[in-house]
Amino acid sequence: MKLAVAGKGGVGKTTIAAWLGDRLARQGRDTWLVDADTALSLGAAMGLAPGDIPAPLIGDAELIRRRVGSGMISLTPEVADLPERLSVKAGLARLLVMGSVAGAGGGCACEANALLKALLAHLVLDRDQWLVVDLEAGVEHLGRGTVAGVDGLVVVSEPSFRGLTVAARVAAMAAELGLSRQVLVLNRATPGESLPDIPGLPPLAATIPPLPGLAARQMGNPSVLGLPEQSDIDAAMNDILAALAAPFPDQPQHPRCVPCATSS
Ligand SMILES: Nc1ncnc2c1ncn2[C@@H]1O[C@H](COP(=O)(O)OP(=O)(O)OP(=O)(O)O)[C@@H](O)[C@H]1O
Ligand SMILES: [Mg+2]
C-alpha cells in the first residue's frame, strides 16, 4: 500500500511518517519512505546523520531533463533504476529523498512532478511492499500526481480549529482527486478530546498525546525513533494502519486510474 501524510505545517507529519515507516519495517514489510517536502527532515527523523542523507532528486535538473525531457515532457519516464540507486537505508526501511516540486526552482514544475508521479507508480508493486510519502505542508501541494500515486492519506492535525480546518481542506481536495481512503490523526492531543464541528474531516484513527520522551530530546537529537513511549507509538501506528485497511465505501476500485490529464 502507498500512503501519503499531509496536514498543516508543524503538526507532526514527518514524525508520523517516520513512525509509520519504522513500524511497518519492524513488522518485516519491505518499506520505502519518500521525503517529498522542501524541508527534507524525514532522514533526520529516521535518525540519519546529515552526511548520510542524499541530496534531493528534485534538485538534479540534469537527471530530470534526461529522464523527462523539457517542453514535450514524457509522462512515463524511465525510473526503474532510480530507487535503488538513489535511496539509502534508514533503519530497516529505505529512504528516497525526492524534495518538493514546490522547491524545484522557478517556472513550471511539470517535469519534476512527472518524475515524482512515475516514481510513485513504479515503487511498490506487490502487497508486501509499503510506501510512506511525507508531503509538503498545507493544501496547495497536494497535486493530482501525488494523489493519483497513493492509495491512502493520513491527515494529521493538532487539536486546534485552524489545524483541523486545514485537515478538512486537505481531505476535500484529496477526495475531489479521487482519494477517499483517508484517516485523521490527532497529534499532541488528549485522548477523548471532542472535535469541533468542521465538515469533511476524515474518520479519526488515532490520537497521540504530547510525548515527554520526544520533547526531552528536541534540542539534541532530531530522531523520533527509539523513544521510551515506543509501545504507545506502535499501538497508534497499528490503529492508523488498521483504519486504512478497513473498507472505504466511496473509494474507487482503481484509485490510480483517475484520469490525469495534467501531471501537477
Ligand atoms: N506527539 C508529539 N509529542 C511531542 N513532540 C512532538 C509530537 N509530535 C511531533 N512532535 C515534535 O513537533 C515538531 C514538529 O513535528 P514534525 O516536524 O513532524 O511536523 P511537520 O508537520 O512535519 O512539520 P513541517 O510542516 O514543518 O514539515 C518536531 O520537533 C517533533 O519532534
Ligand atoms: Mg515535515
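Calculation criteria
- Residues numbered from 1 in each chain as written.
- Chains lettered and ligands numbered in written order.
- Predicted model: local features only at pLDDT ≥ 70, side-chain atom pairs only at ≥ 80, totals over all residues.
- Heavy atoms only, no water.
- pLDDT = per-residue confidence, 0-100.
- Helix = DSSP H or I, 4+ residues; strand = E, 2+ residues; numbered from the N terminus.
- Contact = heavy atoms within 4.5 Å.
- Expected span 1.5 Å × (residues − 1).
- Buried < 20%, exposed > 50% of the residue type's maximum accessible area, 1.4 Å probe, protein only.
- Axes fitted to C-alpha atoms, helices over the stretch in contact; angles between N-to-C directions.
- Parallel < 35°, antiparallel > 145°, perpendicular 65-115°, else oblique.
- Nonpolar A, V, L, I, M, F, W, Y, C, P; charged D, E, K, R; others polar.
- Pairing = 2+ DSSP bridges.
- Near = heavy atom within 4 Å.
- Polar contact = N/O pair within 3.5 Å; in protein donor to acceptor, adjacent residues only side chain to side chain.

### Section: the confidence of the model for the chain
Averaged over every residue, the pLDDT of the chain is 86; residues scoring 70 or more account for 87%. Element-level mean pLDDT values for the chain span from 69 in helix 6 (residues 144-149) up to 98 in strand 7 (residues 182-187). Note on residues 252-264: pLDDT is under 50 here. Beyond four places in sequence and across chains, it has 27 contacts.

### Section: helix 5 (residues 110-122)
Taking 1.5 Å per residue, 13 residues should reach 18 Å; helix 5 reaches 18 Å between its end C-alpha atoms and fits that length. Taking burial as the measure, the 13 residues of helix 5 include ten buried ones, the bulk of the element. Of all the positions in helix 5, only Glu111, Ala112, Asn113, Ala114, Leu115, Leu116, Lys117, Ala118, Leu119 and Leu120 are classed as buried.

### Quick notes on the packing of helix 1 (residues 13-26) against helix 9 (residues 230-245)
In contact at an axis separation of 10 Å, helix 1 and helix 9 are set at 90° when each is read in the N-to-C sense. One finds that helix 1 runs roughly perpendicular with respect to helix 9. Note on element contacts: helix 9 touches helix 1 through Gln230, Ile233, Asp234, Met237, Asn238, Ile240 and Leu241, opposite Ile16, Trp19, Leu20, Asp22, Arg23, Leu24 and Arg26. Along the lines of polarity and charge, the residues of the contact of helix 1 with helix 9 split into eight nonpolar, two polar and four charged.

### Brief notes about the pairing of strand 7
Within strand 7, six of the six residues are buried, which leaves it mostly tucked inside the rest of the structure. Burial along strand 7 is two-sided: Gln182, Leu184 and Leu186 and Val183, Val185 and Asn187, pointing in opposite directions, are all buried. Pairing between strand 6 (residues 152-157) and strand 7: five bridges, direction parallel. Each bridged residue has a counterpart across the sheet, and for Val155 the counterpart in strand 7 is Leu184. Pairing geometry for strand 7 and strand 8 (residues 204-208), over four bridges, is parallel. Within the sheet, the bridge partner assigned to Leu184 lies in strand 8 and is Leu204.

### Section: the site of ligand 1
Near ligand 1 you find 17 residues, and of these Lys13, Thr14, Thr15, Arg188 and Gln218 are the closest. With respect to ligand 1, the side chain of Thr15 contributes an N or O atom lying 2.5 Å from an oxygen atom. Between ligand 1 and Pro209 there is a distance of 3.1 Å, counted from a nitrogen atom to a backbone nitrogen or oxygen. When residues in the shell around ligand 1 are grouped by element, the largest group, three residues, is from helix 1. Taken together, the residues of the shell around ligand 1 sort by class into seven nonpolar, seven polar and three charged.

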